[in-house]
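As a plain string of letters, each chain reads:
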Amino acid sequence: MTERSDVAVFLVDDQIPFLRAAAAVVGATDGFRVVGCATSGVYAAEQIIERGGELGLVLLDVQLGDLDGPAVRARIAGTWPDLPVAYLSTIDEADLADDASEHPAIEFLSKSAFGPEALHRLSPKLGRPLLH
């Protein structure tokens, strides 16, 4: 039987309590593991560009203090255009800035509904079977 490796996830959120909670959810969800975290958009972009080849998913807050999520996504796309990125936010997807459409995410996830089910729904978009 072939073993499937976990999806390596990099988390980005400037709200440390949410970042910790999201890391706990990812770490406890079958098929996913946390490999890095950042609270700054600039730092996140640098780390993701450096480590992009080992990453399977970036969970990226839309509203960051120094560089917003779509701007981080644009920087990442310059080096890793096919790296899956899912936006996390408390705002509605319709309220995203227009620049988010230039480098779209694979999914928009509400922070209030973030949990194992949300991660499992991403599986097909990550080239993996839907997990239950």
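Residues numbered from 1 in each chain as written. Predicted model: local features only at pLDDT ≥ 70, side-chain atom pairs only at ≥ 80, totals over all residues. Heavy atoms only, no water.

A.B. asks: If you had to explain helix α3 (residues 69–79) to someone new, which residues and values would you point to?
C.D. replies: For α3, the set of buried residues is Gly69, Pro70, Val72, Arg73, Ile76 and Ala77. The arc enclosing the buried residues of α3, seen along the axis, measures out at 155°, which places them on a common side. Each element contacted by the buried residues of α3 is listed here: α2 (41–51), β3 (57–61) and β4 (85–89). For α3, the side-chain oxygen to backbone nitrogen distance between the N-cap and Ala71 is 2.9 Å, and the N-cap itself is Asp68. (Buried < 20%, exposed > 50% of the residue type's maximum accessible area, 1.4 Å probe, protein only. Helix = DSSP H or I, 4+ residues; strand = E, 2+ residues; numbered from the N terminus. Arc of directions from axis to C-beta. Contact = heavy atoms within 4.5 Å. Polar contact = N/O pair within 3.5 Å; in protein donor to acceptor, adjacent residues only side chain to side chain.)

A.B. asks: Describe the packing of aromatic side chains, and please don't skip the residues or the numbers.
C.D. replies: Under the defined criterion, the tally for this structure stands at 1 aromatic pair. Here Lys111 stacks its cationic end above the ring of Phe18, 4.8 Å away from the centre of that ring. (Phe/Tyr/Trp six-rings, centres within 6.5 Å; stacked < 30°, edge-to-face > 60°. Lys NZ or Arg CZ within 6 Å of the ring centre and 35° of its normal.)

A.B. asks: Let's hear about the packing of α2 against α3: which residues, and what values?
C.D. replies: In the contact formed by α2 and α3, the axes pass within 9 Å of each other and the chain directions differ by 15°. Taken together, α2 and α3 sit at an angle that is classed as roughly parallel. Remark: the crossing between α2 and α3 carries right-handed chirality. Residue-level contacts link Gly41, Val42, Ala45, Ile48 and Ile49 of α2 to Val72, Arg75, Ile76 and Thr79 of α3. Taken together, the residues of the contact of α2 with α3 break down into 6 nonpolar, 2 polar and 1 charged. (Axes fitted to C-alpha atoms, helices over the stretch in contact; angles between N-to-C directions. Parallel < 35°, antiparallel > 145°, perpendicular 65-115°, else oblique. Left-handed = near helix turned anticlockwise from the far one by under 90°. Nonpolar A, V, L, I, M, F, W, Y, C, P; charged D, E, K, R; others polar.)

A.B. asks: Give a detailed account of the sheet that holds β3, specifying residues and quantitative values.
C.D. replies: Strand pairing in a sheet relies on backbone hydrogen bonds, with the paired strands running either antiparallel or parallel. Taken together, the 5 strands give an open sheet; going across it, the order is β2-β1-β3-β4-β5, and neighbouring strands pair in parallel fashion. Every interior strand has two partners, whereas the edge strands, β2 (32–38) and β5 (107–110), have only one. Taking the axes of each pair of neighbouring strands and ignoring which way they run, one obtains an average angle of 25° across the sheet. Sheet analysis places β4 next to β5, joined by 4 bridges and oriented parallel. (Pairing = 2+ DSSP bridges.)

A.B. asks: Tell me about the pairing of β3, residues and numbers included.
C.D. replies: Here β3 lies mainly inside the structure; 5 of its 5 residues are buried. The two faces of β3 match: Leu57, Leu59 and Asp61 on one face and Val58 and Leu60 on the other face are all buried. Summarising the sheet, strand β1 (residues 7–12) and β3 pair through 4 bridges and their orientation is parallel. Residue pairing across strands places Val12 opposite Leu60, the latter belonging to β3. Once you follow β3 into α3 and on to β4, the crossover reads as right-handed. (Right-handed = clockwise from strand over helix to strand, strands pointing away.)

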